[in-house]
Amino acid sequence: MTATIAAKARVPAVEGWFTDSPDQPRLLGTRCKSCRSYFFPKETFFCRNPSCSGDEFEEVELSRTGRIWSYTTNHYQPPAPYVAPDPFVPYTIAAVELDAEKMVVLGQVAAGTDPEELSAGSEVELVLETLYEDDENEYLVWKWKPVAA
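Everything quoted here is computed from the prediction, not taken from an experiment. (Residues numbered from 1 in each chain as written. Predicted model: local features only at pLDDT ≥ 70, side-chain atom pairs only at ≥ 80, totals over all residues. Heavy atoms only, no water.)

A. Quick look at unusual backbone geometry. Residue Phe 40 is joined to Pro 41 through a cis peptide bond whose omega torsion reads -5 degrees. In this fold, Pro 41 is placed in the loop between strand S3 (38–39) and strand S4 (57–61). Cis geometry marks the peptide bond from Ala 80 to Pro 81; its omega dihedral reads 20 degrees. Looking at the element boundaries, Pro 81 is found in the loop between strand S5 (65–74) and strand S6 (91–98). (Helix = DSSP H or I, 4+ residues; strand = E, 2+ residues; numbered from the N terminus.)

Here you go:
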């Protein structure tokens, strides 16, 4: 008799921040109906644009691709509620300017990416990867992966 191992459910670590399409994930943001400014994470109360007093927003799917604006490698374990592997493994974070919206969004760089191969202006795309797991679920977050040349 062979034991069957049930697959863990893949769920967002933060609900409502991205679509769950594994092949074409997108961040979910909002756009102010008055000034057309984009926001991520979503805005629901007031426009963050200092020259706008808008308070109505529409949910939008943001660009999947962009260019690295800046990046750094974190060598120190962040405090809770961040869930870090034990032992802690350094990771790289990139500030990415989205192609269409021209806004900058922070995110970790995908596993297996050598930070030495990154540079400002490099093209990246949004991917989903596991942040951590428990007995029932894999908790997913968005990350930036270099686009193959």
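B. Quick peek at the side chain of Thr 92. With respect to the helices and strands, the residue Thr 92 is situated in strand S6. Separated by 2.9 Å, the side chains of Thr 92 and Thr 73 make a polar contact. In contact with Thr 92, other than residues within four places in its own chain, are Tyr 71, Thr 72, Thr 73, Gly 107, Gln 108, Val 109, Pro 115 and Leu 118. (Polar contact = N/O pair within 3.5 Å; in protein donor to acceptor, adjacent residues only side chain to side chain. Contact = heavy atoms within 4.5 Å.)

C. Just the pattern of salt bridges, in detail. Throughout the structure, instances matching the rule amount to 9 salt bridges. Between Arg 10 and Glu 138 there is a salt bridge, and its shortest N-O distance comes to 3.8 Å. Here Arg 10, found in strand S1 (residues 9–12), pairs with Glu 138, found in strand S9 (residues 137–146); they are 128 residues apart in sequence, far enough to count as distant. For Arg 10, a relative accessible area of 48% puts it in the partly exposed group. The salt bridge partner of Glu 129 is Lys 143, with a shortest N-O separation of 3.3 Å. Remark: Lys 143 occurs in strand S9 and Glu 129 occurs in strand S8 (residues 123–133); sequence separation between them is 14 residues. Taking relative accessible area as the criterion, Lys 143 reaches 8% and is therefore assigned buried. Connected through salt bridges with shared partners, the residues Arg 31, Arg 36 and Glu 58 form a single ionic network. (Salt bridge = Lys/Arg side-chain N within 4 Å of Asp/Glu carboxyl O. Buried < 20%, exposed > 50% of the residue type's maximum accessible area, 1.4 Å probe, protein only.)

Remember that the coordinates give geometry; whether it matters functionally is a separate question.
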